[in-house]
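Descriptive structure summary
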Amino acid sequence: DAGVTQSPTHLIKTRGQQVTLRCSPISGHKSVSWYQQVLGQGPQFIFQYYEKEERGRGNFPDRFSARQFPNYSSELNVNALLLGDSALYLCASSETFYEQYFGPGTRLTVT
Amino acid sequence: GENVEQHPSTLSVQEGDSAVIKCTYSDSASNYFPWYKQELGKRPQLIIDIRSNVGEKKDQRIAVTLNKTAKHFSLHITETQPEDSAVYFCAGPLGDDKIIFGKGTRLHILP
């Protein structure tokens, strides 16, 4: 049974550019949450999607957006990248909301 | 506030001894408390969780206790082994749409 997958694994972008990160949840899971993890800190909640609807949003600027597709996969978009957006972006899937299982993450470096 | 506070930030214990990590939460409506283990360069891994209708849950050498009155919960690891060295995060829901993580405890198991 495949776990949560994310792509790409690593990404290097320049300030001002835009990036799209992708996540495929565990089969049967309908909820996907996105987190940002800066080195040495805990994951910070960005979004939760359930059944293709946004259910929750964290304290991130409008440059961050996401969506969930009919197959429950999800994309996180970040526009106008800043140096401070450099982090590990984690996707977590769950059947409803609790018991979230994380993917391996996408490490984004903004130069 | 929205904080889940975690203590200590660093913990060193002798191999074979027990380790205890504590978290407090502010949202009295919180009803689900997971613990995650994150090894260097890897994804956070759900190791145990507890719902608010029970006071304690065990899984082999790991246990979690919950005190709803005092609004705190703790992770207990007994008979610690070298492979227990990692960063441990507690978390709790804020409403039903976001999960807030603590800042983490770096656990060192000393030989």
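Coordinates for the structure precede this section.
Since the model is a prediction, treat every value here as computed from it, not as a measurement.

1. Examining the overall build of chain A
Along the backbone of chain A there are zero helices and eleven strands. Written out in order from the N terminus, the α and β elements of chain A read β-β-β-β-β-β-β-β-β-β-β. The C-alpha atoms of chain A give 13 Å as radius of gyration, which agrees with the globular expectation for 111 residues (13 Å, within 12%). Along the three orthogonal principal directions, the C-alpha set of chain A runs to about 40 × 25 × 25 Å.

2. A look at the nonpolar core
Residues Trp35(B), Phe73(B), Leu75(B), Tyr88(B) and Leu107(B) are the most contacted members of the largest nonpolar core, which totals 24 residues. Those elements giving two or more residues to this core turn out to be β2 (10-14), β3 (19-25), β4 (32-38), β5 (45-51), β7 (62-67), β8 (72-77), β9 (86-94) and β11 (105-110) of chain B.

3. Quick word on the state of the cysteines
Disulfides are covalent bonds that link the sulfur atoms of two cysteine residues. Residue and element names in this part refer to chain B. Evaluated as defined, the whole model comprises two disulfides over all chains. One disulfide in the model links Cys-23 with Cys-90; its S-S distance is 1.9 Å. Judged by the torsion about the S-S bond (-95 degrees), the Cys-23/Cys-90 disulfide is left-handed. Taken together, the residues Cys-23 in strand β3 and Cys-90 in strand β9 connect sequence positions 67 residues apart. On the accessibility criterion, Cys-23 (1% relative accessible area) is buried. Overall, Cys-90 belongs to the buried group, its relative accessible area being 0%.

4. Overview of the pairing of β5(B)
Residue and element names in this part refer to chain B. Of all seven residues making up β5, five are buried, and the element is well covered by its neighbours. Sheet topology note: the β4/β5 ladder contains six bridges and is antiparallel. By the bridge assignment for β5, Trp-35 is matched with Ile-48. The antiparallel hairpin formed by β4 and β5 contains six residues in its connecting segment, where Gly-41 sits at a positive phi of about 80 degrees.

5. Describing the sheet that holds strand β8 (residues 74-78) of chain A
Pairing between sheet strands relies on hydrogen bonds along the backbone, with the strands arranged either parallel or antiparallel. Residue and element names in this part refer to chain A. Pairing within the open sheet is antiparallel, and its four strands lie in the order β1-β3-β8-β7. The sheet is open, and its two edges are formed by β1 (5-7) and β7 (64-68), each paired on a single side. The mean angle between the axes of side-by-side strands here comes to 15 degrees, regardless of whether they run parallel or antiparallel. As paired strands, strand β3 (residues 19-24) and β8 are joined by five bridges and run antiparallel to one another. In the strand pairing of β8, Leu-21 is matched with Leu-76.

6. Looking at the packing of aromatic side chains
A full pass over the atoms with the stated rule returns 14 aromatic pairs over all chains. Ring centres 5.9 Å apart and planes at 70 degrees place the aromatic pair Tyr35(A) and Phe45(A) in the edge-to-face group. A residue pair is termed long-range when its members are at least 10 positions apart, and Tyr35(A) in strand β4 (residues 31-37) and Phe45(A) in strand β5 (residues 44-50) qualify at ten residues. In this structure Tyr35(A) comes out as buried when scored by relative accessible area, which is 0%. Pairing Phe47(A) with Tyr49(A) gives two aromatic rings, centres 6.2 Å apart and planes at 55 degrees, and the pair type is tilted. Just as Phe47(A) is buried, Tyr49(A) falls in that class too. Taken together, the aromatic side chains of Tyr35(A), Phe45(A), Phe102(A), Tyr36(B) and Phe101(B) make up a single cluster linked through ring pairs.

7. Here we look at the sheet that holds β7(B)
Residues and elements named next belong to chain B. Ordered in space as β1-β3-β8-β7-β6, the five strands form an open sheet in which the pairing is antiparallel. Each having just a single partner strand, β1 (4-7) and β6 (56-59) make up the two edges of the open sheet. For this sheet, the mean angle separating the axes of adjacent strands, direction not counted, is 15 degrees. Direction of pairing for β7 relative to β8: antiparallel, over a ladder of six bridges. Following the sheet pairing, Val-64 is matched in β8 by Leu-75.

About the cut-offs
Residues numbered from 1 in each chain as written. Chains lettered and ligands numbered in written order. Predicted model: local features only at pLDDT ≥ 70, side-chain atom pairs only at ≥ 80, totals over all residues. Heavy atoms only, no water. Helix = DSSP H or I, 4+ residues; strand = E, 2+ residues; numbered from the N terminus. Rg over C-alpha atoms; globule rule 2.2 N^0.38 Å. Core = buried A, V, L, I, M, F, W, Y, C linked by side-chain atoms within 4.5 Å. Buried < 20%, exposed > 50% of the residue type's maximum accessible area, 1.4 Å probe, protein only. Disulfide = S-S within 2.5 Å. Pairing = 2+ DSSP bridges. Axes fitted to C-alpha atoms, helices over the stretch in contact; angles between N-to-C directions. Phe/Tyr/Trp six-rings, centres within 6.5 Å; stacked < 30°, edge-to-face > 60°.

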